[in-house]
Amino acid sequence: MKKVAAFFLFYLSAQVTFSQSNTTPAYKNSKLPVATRVAHLLSLMTVEEKAGQLNQVNGGAFTGPAANDPGQQAKMKMIQAGKVGSMLNVTGVAETKVLQTIAVEQSRLGIPLLFAYDVIHGYKTIFPIPLADACAWDPELSRQAAAIAAKEASAEGLHWTFAPMMDISRDPRWGRVMEGAGEDPFLGAQIAAARVKGFQGNFGEENVLATVKHFAVYGAVEAGREYNHVNVDRYTAWNVHLPPYKAAVQAGAATLMNSFNVFEAVPASANKYLVTDVLKKQWGFKGILVSDWNSFGETMTHGYAADSADVALKVFDAGSMIDMETRVMVSQIPGLVKKGKISMQALNEAVARILSIKFKIGLFDDPYRNCNPERQAQHVFTPAHRELSRKAGQRSIVLLKNNEQVLPLQSQQKIALVGYLAASTDDVFDFWVAAAKAPAYNPVTVQEGLKHAGANVVFAKGFDENNRTTQALTAEAVAAAAQADVVLVNIGLSGKLAGEDRSLAQPEIPDAQIEILKALRQTGKKIVALVSAGRPLVLTKAEPYCDAIVYTWILGTEHGHAVADVLFGRYNPSAKTVMSFPYAVGQIPVYYNHMNTSRPDPTDGMGNWYSRYRDIPNEPLYAFGYGLSYTSFAYSQFSLSSQQLKKGQQVKATVTITNTGKVAGEEIVQLYIRDMVANRIRPVAELKGFQKIALQPGESKKVSFAIDAALLSYYNELGQLQLEPGEIKISVGGSSDKLLSAMLQYE
Ligand code: GLC
């Protein structure tokens, strides 16, 4: 509030009117084509004003280090002087209107600002964290969630979200895995494209611009440590990391964000190969690039640029554009142009991209289009939005274990609910909850969700927010369990430990929680673990004490309702993991699409000399693509329409899936391939298709996948798709570790 008031006072005290000519300048004439308007505006702009369009300034809470902040008064003056093109972290109709008015009415050319914000999984109605949402394997649902986030954000003054994040990661030590779609490039690409379409729609009033981030390969930070070094070769980049970014660009993403990390020893923001060669030339990206928070400045910390002028020149030459919070572009570009180090033509080209988007979304014609108090009142946190969040929550929950069908619960069962997390609003919410910060937007806890479902529940804390237990807490939990028919224990890690700058060397279940599980186990009651966390945790120590394990992630506003829906079988779980669950921390990175290695297993005649650990299995505890239902599915009659595939033709892989259980359910049918011999070695399995089907008890359905050369191809290190003749293993199943296979010959 303080900030708004300061902005507002400044605005009132600084009313400056520029002489208006009677004729409307061409760039303000909405009847003219965008290109004409852009060209006219560029012809009027000074080099300083052009550099201003490359300057993005923080106007709210800090989502990065505050070291460069010049203060509010200075920022206002910069806007008046035409030296700010966009702002981040300013939200709300009133707040954005004040700043937009300064830009439009008090700057010389009245170029409107773009307002950007991290709308990662909802704005006020919060959806499951993106990693959980991906477990639904339902791009249409992901699209709908993004569309609602856009509707709410755009009703509160925003034009632009810094999402979707699509960094492939195989390392649950990295906190930011919560923001992505997991370890698989194929699934990641589908979801990235869906989220982009959801946010952007047709660039209308209820949409926001999407951002492809973080470009590129940020998810490969060494040892999962935040902002760490990245060492990935081009072949791996093209096949593992780049596909989701590419899919998002092809889906029409208007903007893209540089990542903090280096690629091939050059910071991503200054990386000509990534930005110019791959993004602009190979993929034909025509949109806006924005740095990450101070990522231009951090090229100096990386030891790649010497001073501000060096930074500006290097990032500009690489093809990068908007500077978030370093202010080197606005301060250095005019001088670099004057010295002839940057051409006016290149600067115009960059600025034209930004202006084009502003024209395209109608900001010059109605700069206040997202400052409508009625829309703000009607479009945010509505029952319909909450309903979709609940649906997404149900479909994100992964059932990892369910011995003797402990679940679903029966309505008459007496329940002991144990665990601090089950009653905490904060800990099942963060990271990135956008504007859902007031108590009015608190999520439904598991305790509330169960009560609302009419369950007979007794709650005991078991452990506290610091993951400590005491004799008293344990005794209380055991007493509650003794009275109950079934015990639900909400273990896991707070959402505050998920997200940016939340790397963990030990993504495990805390000791105190294991102790509580042990104590409860001794009561002889059935134990159901509800695990809330923003990443796959190592569950190996907890697993033996649990009859059932429900991975609830962090589901947003409707968290507790969605969990209750699944526990009581009002929704039969269908989600499948999108990251492998490690058996032990020492196994990380562990992922399904690994290479075969030279000595994969003893059955290959290697005797004891093979790739393994002596103390733990090679396999993760739960594989990629795994997830149970309250019913069971049988796969049979897998066949290929032909054993040979010729160039330009298709082969159909068909399998029959039968619901062999007693209740209706949904199954995610997965298609994998393995290129047995290629010019570059290929992974033991690669996801290449999936379909979600619904089956009544006893019902069977045939599912087919069309296979052609494009689907089987892989990238070489130049980013060219290729496929040599030879054998390809085609597999289908309900999990990457349980597949039916057949051989296909590509000729
Ligand atoms: C950050 C993040 C990025 C975010 C930006 C703006 O530090 O890395 O994802 O969009 O700041 O908040």
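Residues numbered from 1 in each chain as written. Predicted model: local features only at pLDDT ≥ 70, side-chain atom pairs only at ≥ 80, totals over all residues. Heavy atoms only, no water.

Description of the packing of aromatic side chains
Operational definition: Think of it this way: a Phe, Tyr or Trp ring, Trp meaning its six-membered ring, pairs with another when their centres are within 6.5 Å, and the plane angle makes it stacked under 30 degrees, edge-to-face over 60, tilted otherwise. Between buried and exposed lies partly exposed: a residue is buried under 20% and exposed over 50% of the maximum accessible area for its type, with that area taken using a 1.4 Å probe on protein chains only. Two conditions define a charge sitting above a ring: the NZ of Lys or the CZ of Arg must be within 6 Å of the ring centre, and it must be within 35 degrees of the ring normal.
Summed over all chains, the structure comprises 26 aromatic pairs. Judged by centre distance (5.4 Å) and plane angle (15°), the ring pair of Y622 and Y626 falls under stacked. Residue Y622 is classed as buried on the basis of its relative accessible area, which comes to 7%. An aromatic cluster of at least three residues, connected via ring pairs, comprises W137, F186, Y592, F624, Y672 and F690. Sitting over the ring of Y368, K97 keeps its end group 5.4 Å from the ring centre. In this structure, R234 packs its charged tip against the face of Y273, placed 3.4 Å from the ring centre.

Describing the sheet that holds strand β9 (residues 288-290)
For clarity, the threshold we go by: Strand pairing requires that DSSP identify at least two bridges connecting the strands. By definition, any uninterrupted DSSP run of H or I lasting at least four residues is a helix, any uninterrupted run of E lasting at least two residues is a strand, and each is numbered from the N terminus. Between N-to-C directions, angles cover 0 to 180 degrees, with each direction set by a line fitted to C-alpha atoms, over the stretch in contact for helices. Contacts are assigned to residue pairs that have any heavy atoms within 4.5 Å of one another.
Pairing is parallel in the open sheet, where three strands are placed in the order β5-β6-β9. Two strands in the sheet have a free side with no partner beyond their single neighbour: β5 (211-215) and β9. Between one strand axis and the next, the sheet turns through 25° on average, direction left out of account. Relative to β9, strand β6 (residues 255-258) runs parallel, the two being bridged by three bridges. Across the sheet, the residue bridging to M257 is V290, located in β9. Against the sheet, helix α9 (residues 234-250) engages β5 and β6, with an angle of about 155° to β5.

Digging into the pairing of strand β3 (residues 114-117)
As a reminder of what qualifies: The handedness of a crossover follows from its direction of travel: if, with the strands pointing away from the viewer, the path from the first strand over the helix to the second runs clockwise, the crossover is right-handed.
Alternating residues of β3 divide into L114 and A116 and F115 and Y117, and every residue in both groups is buried. By the bridge criterion, three bridges tie strand β2 (residues 86-88) to β3 in an arrangement that is parallel. Paired with S86 across the two strands is L114, which belongs to β3. For the crossover that starts at β2, traverses helix α5 (residues 93-106) and ends in the parallel β3, the hand is right-handed.

Here's the deal with the sheet that holds strand β19 (residues 651-659)
Paired through backbone hydrogen bonds, the strands of a sheet run either parallel or antiparallel to each other. If you trace the three strands from one edge of the open sheet to the other, you get β17-β19-β22, paired in antiparallel fashion. A strand with exactly one partner marks an edge of an open sheet, and here the two such strands are β17 (633-640) and β22 (700-707). Sheet twist, expressed as the mean angle between neighbouring strand axes with direction ignored, is 20°. Alignment of β17 against β19, held across six bridges, turns out to be antiparallel. The residue of β19 that forms the bridge with L640 is A653.

Concerning the side chain of Q413
This is how it is decided: The definition of a polar contact used here is a pair of N or O atoms within 3.5 Å, where within protein one atom must be able to donate a hydrogen and the other to accept one, and adjacent residues in sequence count solely through side-chain atom pairs.
Tracing the chain through its elements places Q413 in the loop between β11 (398-402) and β12 (414-418). With relative accessibility at 19%, the residue Q413 sits in the buried group. Of the polar contacts made by the side chain of Q413, one reaches the backbone nitrogen of Q410; its length is 2.6 Å. When sequence neighbours within four positions are dropped, the list of residues in contact with Q413 reads N456, D485 and V486.

Structural notes on the domain arrangement of the protein
Put simply, the rule is: All the domain ranges listed were derived from an automatic or database domain assignment. A quick way to say it: buried area is the sum, across both parts, of accessible area lost when two parts are put together, with a 1.4 Å probe. Only one rule defines a salt bridge in this text: a Lys or Arg side-chain nitrogen within 4 Å of an Asp or Glu carboxyl oxygen. Only Asp, Glu, Lys and Arg are considered charged in this grouping, and only Ala, Val, Leu, Ile, Met, Phe, Trp, Tyr, Cys and Pro are considered nonpolar; every other residue, Gly among them, is considered polar.
As assigned here, the protein comprises domain 1 (392-587) and domain 2 (633-746). Taking the mean C-alpha position of each, domain 1 and domain 2 sit 34 Å from one another. Taken together, the contact between domain 1 and domain 2 spans six residues of the former and nine residues of the latter. Contact with domain 2 buries area across many residues of domain 1, yet N572, S574 and K576 alone supply 81% of it, more than any other trio. At the surface where domain 1 touches domain 2, the tally comes to one salt bridge. A salt bridge links E667 to K576; the shortest N-O distance between them is 3.0 Å. The tally of links between domain 1 and domain 2 comes to four residue pairs in polar contact (both at pLDDT 80 or more). Of the residues assigned to the side of domain 1 that touches domain 2, the class counts are two nonpolar, two polar and two charged.

With respect to the layout of surface pockets
Using the following cut-off: The definitions used throughout rest on a 1 Å grid laid over the protein atoms alone, on which a cavity is an enclosed set of points accommodating a 1.4 Å probe that cannot get out and a pocket is an open set flanked by protein within 12 Å on both sides along at least five of seven lines; lining residues are those having an atom within 4 Å of a point. Grid points are joined across faces, edges and corners, and a volume is the space filled by probe spheres set on the points.
Its volume calculated, the largest pocket comes out at about 1,000 Å³. Forming the walls of the largest pocket are 33 residues, and the residues nearest its centre are Y592, H594, N618, E619 and V684. Elements that contribute at least two residues to the lining of the largest pocket include exactly β20 (665-675), β25 (726-735) and β26 (738-746). Here the lining of the largest pocket is composed, by residue class, of 15 nonpolar, 10 polar and eight charged.

A look at the state of the cysteines
Defined as follows: Our working definition of a disulfide is a cysteine sulfur pair at a distance within 2.5 Å.
Counted according to the given criterion, the structure contains zero disulfides. In this structure C135 is a free cysteine whose sulfur lies 19 Å from that of C546, the closest cysteine sulfur available.

Here's the deal with the site of the ligand
Let me state the cut-off plainly: Each residue is tested against the molecule or strand, and it is near if at least one of its non-hydrogen atoms lies within 4 Å. In these tables, accessible area is a Shrake-Rupley quantity obtained with a 1.4 Å probe, and a residue counts as shielded only by the protein chains included in the view.
In the vicinity of the ligand there are 13 residues, among which T63, D118, R176, H214 and D292 approach most closely. A distance of 2.7 Å separates an oxygen atom of the ligand from a polar atom in the side chain of K213. Separating an oxygen atom of the ligand from a side-chain N or O atom of D292 is a distance of 2.5 Å. Relative to its free-state accessible area of 310 Å², the ligand is covered by the protein chains to the extent of 100%. Here the residues of the shell around the ligand are counted per class, giving six nonpolar, two polar and five charged.

Digging into the nonpolar core
Test applied: For the purposes of this section, nonpolar cores are sets of buried Ala, Val, Leu, Ile, Met, Phe, Trp, Tyr and Cys residues that join through side-chain atoms within 4.5 Å.
Among the nonpolar cores identified, the biggest contains 197 residues, and F215, L355, L407, L450, L539, Y551 and W553 are the most heavily contacted of them. Sorting elements by how many residues they give to this core places helix α14 (residues 344-360) first, with eight residues. Split by domain, this core shows at least three residues from each of two domains, domain 1 (392-587) and domain 2 (633-746). Leaving out residues up to four positions away in the same chain, F215 has contacts with L242, Y245, L256, M257, N258, S259, A268, L274, V275, V278, L279 and W283.

Let's talk about helix α19 (residues 511-521)
An α-helical turn contains 3.6 residues, so any two residues separated by three or four positions project in the same direction. The complete set of buried residues in α19 reads A512, Q513, I514, I516, L517, A519 and L520. On its buried side, α19 packs onto β12, α18 (471-482), β14 (486-492) and β15 (526-532).

Description of a nonpolar patch on the surface
Convention followed: Only residues whose relative accessible area exceeds 30% and that form no salt bridge enter a patch; like-charged residues are grouped when within 9 Å of one another, and nonpolar side chains (Val, Leu, Ile, Met, Phe, Trp, Tyr) when within 5 Å.
A cluster of nonpolar side chains, M676, V677 and M743, forms an exposed patch at the surface whose accessible area comes to about 250 Å². Turning to its location among the elements, M676 is positioned in the loop between β20 and β21 (686-695). With relative accessibility at 30%, the residue M676 sits in the partly exposed group.

Quick notes on the side chain of T161
Tracing the sequence through the fold places T161 in strand β4 (residues 160-161). With a relative accessible area of 0%, T161 lands in the buried category. A polar contact of 3.4 Å, which involves the side chain of T161, links it to the backbone oxygen of Y117. Excluding residues that lie within four positions of it along the chain, T161 makes contacts with Y117, D118, V119, F199, V208, L209, A210 and T211.

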